[in-house]
Amino acid sequence: MPKIPTFTARGQITTQGPGVVSNIQVSPSQNIGAALRPVTNFLEKEYIKERTLEENNKVDKLISDTYNDNKDGPNGLSTIVSETGKNGNPSEADLYFNNETDKLYKFFEASKTKNLSRFGKQIFKSKFYASAAELKSNALLESRKTQFKNTSDIDTDFITKKTLNLSKLQDGAGLQQIFKSIDSRLDNNPYHNERPNLK
């Protein structure tokens with residue numbers, strides 16, 4: 001037969017009442033709302049972080065779309081940068097870039113930012129123009145390179161034709177004129193003195 005365990009009870013007289021003891025402390029002067037304020041502050045901050053992340057994701061998606069050409073709208077940033085770099089006149093290239101990026105921004109503002117909050121629209125505007133500014137500096141550098149190449153091509157063509165025509169003079173009289181003409185042409189062209197690194 002199995003053995004049944006037996007226990008010995010010990011009792012003490014105490015002033016404590018029966019129940020579970022906890023360490024939760026609420027000031028008697030606070031109500032439940034005031035006691036839960038730290039929790040609601042935390043939830044509020046987390047909600048703001050969540051909404052900010054959602055808006056940033058929407059904006060980043062729109063920014064990536066601005067690089068592509070639009071079927072029924074203006075060229076995208078990639079095409080604008082390419083066309084700006086092909087223009088051999090940096091002043092005209094700058095004006096072209098500014099006009100085209102403004103058109104692109106207005107197109108996106110009118111047609112693609114409707115589901116963004118006011119905060120999201122502000123983020124889009126600042127990120128769009130920041131991206132455009134970064135691209136603009138590279139595009140204008142390419143425009144300068146195009147200008148240098150065009151200038152070099154013109155100078156080469158001019159010097160070659162001038163040399164051929166002056167070399168036809170009798171007794172080599174054209175050689176002095178060729179050297180003076182070449183030196184004058186190169187000295188008057190500031191691009192030959194201040195060439196940037198085109199690599």
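Remember, predicted model here, so these are calculated numbers, not experimental data.

A. Looking closely at the overall build of the protein. If you tally the helices and strands in the protein, you get six helices and zero strands. Each helix and strand of the protein, ordered N terminal to C terminal, gives the series α-α-α-α-α-α. A total of 199 residues make up the protein; the buried ones form 23% of that total. Across the protein, contacts joining residues at least 24 apart in sequence account for 71% of those joining residues at least 6 apart.

B. Expanded view of helix α4 (residues 90-111). Between its first and last C-alpha, α4 extends 31 Å over 22 residues, near the 32 Å set by a 1.5 Å rise per residue. Every buried residue belonging to α4 is among Pro 90, Ala 93, Phe 97, Glu 100, Thr 101, Leu 104, Tyr 105 and Phe 108, and all of these are buried. Across the axial projection of α4, the buried residues extend over an arc of 140°, all falling on one side. More than 90 degrees from the buried face of α4, the exposed residues found are Ser 91, Leu 95, Lys 106 and Ala 110. At its buried positions, α4 is contacted by α2 (37-66), α3 (77-86) and α5 (118-166).

C. Molecular detail of the packing of α2 against α5. Close contact between α2 and α5 brings their axes to 9 Å; oriented N to C, the two are set at 40°. On the basis of their axis angle, the class for α2 and α5 is oblique. The two elements α2 and α5 cross, and the hand of that crossing is right-handed. Residues Thr 52, Glu 55, Asn 56, Val 59, Asp 60, Leu 62, Ile 63 and Thr 66 of α2 form the contact with α5, whose own contacting residues are Phe 119, Gly 120, Ile 123, Phe 124, Lys 127, Phe 128 and Ser 131. Here the contact of α2 with α5 is composed, by residue class, of seven nonpolar, five polar and three charged.

D. A nonpolar patch on the surface, seen in detail. Where nonpolar side chains cluster on the molecular surface, the patch consists of Leu 36, Val 39, Phe 42 and Leu 43 and spans about 390 Å² of accessible area. Secondary-structure assignment places Phe 42 in helix α2.

E. View of the packing of aromatic side chains. Evaluation of the coordinates by the stated rule reveals seven aromatic pairs. Their ring planes at 85° and their centres at 5.8 Å tell us that Phe 107 and Phe 108 sit as a pair that is edge-to-face. The class for Phe 107 is partly exposed, based on a relative accessible area of 22%. Its guanidinium or amino end placed over the ring of Phe 108, Lys 112 lies 5.7 Å from that ring's centre, counting from NZ or CZ.

F. A look at the packing of α3 against α5. Where α3 meets α5, the axes come as close as 7 Å, and the angle between the chain directions of the two elements is 25°. With respect to α5, the element α3 is oriented roughly parallel. Crossing of α3 over α5 shows right-handed handedness. Contacts between α3 and α5 involve Leu 77, Val 81, Thr 84, Gly 85 and Lys 86 on the former and, on the latter, Phe 128, Leu 135, Ala 139, Leu 140, Glu 142, Ser 143 and Thr 146. Grouping the amino acids of the contact of α3 with α5 by side-chain chemistry returns six nonpolar, four polar and two charged.

G. Representation of the nonpolar core. Counting residues in each nonpolar core, the largest one holds 17 residues, and the members touching the most others are Val 59, Phe 97, Leu 104, Phe 124 and Phe 128. For this core, the secondary-structure elements that each account for two or more residues are α2, α3, α4 and α5. Counting residues per element, this core draws most heavily on α5, at six residues. Those residues within four positions of Phe 124 in sequence are excluded, and the remaining contacts are Val 59, Leu 62, Ile 63, Thr 66, Tyr 105, Phe 108, Thr 113 and Leu 116.

Calculation criteria
- Think of each chain on its own: its residues are numbered from 1, step by step along the sequence as written.
- The predicted origin of the model limits local features to residues at a pLDDT of at least 70 and limits the giving and counting of side-chain atom pairs to 80 or more, whereas totals for whole chains, interfaces and linings rest on all residues.
- The basis for every side-chain value is the complete set of heavy atoms in the structure, and neither hydrogens nor water enter the calculation.
- Runs of E in the DSSP output that reach at least two residues are strands. Runs of H or I that reach at least four are helices, and both are numbered from the N terminus.
- Only protein chains enter the area calculation, which uses a 1.4 Å probe; residues under 20% of their type maximum are buried, those over 50% are exposed, and those in between are partly exposed.
- Residues count as neighbours in contact if any of their non-hydrogen atoms are within 4.5 Å of one another.
- Expected span of a helix, by definition, is 1.5 Å for each gap between consecutive residues, and there is one gap fewer than residues.
- Summarising the geometry, the arc corresponds to the directions from the helix axis toward the C-beta atoms.
- Axes, fitted as lines to C-alpha atoms, cover a helix only where it is in contact. Angles between the N-to-C directions of the axes lie from 0 to 180 degrees.
- Note on terminology: angles under 35 degrees are roughly parallel, angles over 145 are roughly antiparallel, angles of 65 to 115 are roughly perpendicular, and the others are oblique.
- Crossing chirality is assigned from the near helix's rotation relative to the far helix, an anticlockwise turn below a right angle marking it left-handed and a clockwise turn marking it right-handed.
- Residues are sorted three ways: Asp, Glu, Lys and Arg are charged, Ala, Val, Leu, Ile, Met, Phe, Trp, Tyr, Cys and Pro are nonpolar, and all the rest, Gly among them, are polar.
- Residues enter a patch when their relative accessible area is above 30% and they make no salt bridge; the linking distance is 9 Å between like charges and 5 Å between nonpolar side chains (Val, Leu, Ile, Met, Phe, Trp, Tyr).
- To be clear on the numbers: accessible area is Shrake-Rupley with a 1.4 Å probe, and residue cover counts the displayed protein chains and nothing else.
- Here a salt bridge means any side-chain nitrogen of Lys or Arg lying within 4 Å of a carboxyl oxygen belonging to Asp or Glu.
- Pairing of aromatic rings covers Phe, Tyr and the six-membered ring of Trp, with a centre-to-centre limit of 6.5 Å; geometry is then stacked below 30 degrees between planes, edge-to-face above 60, and tilted otherwise.
- Whether a charge sits over a ring comes down to the Lys NZ or Arg CZ being within 6 Å of the ring centre and within 35 degrees of the ring normal.
- Take the buried Ala, Val, Leu, Ile, Met, Phe, Trp, Tyr and Cys residues and link them wherever side-chain atoms come within 4.5 Å; each set so joined is a nonpolar core.

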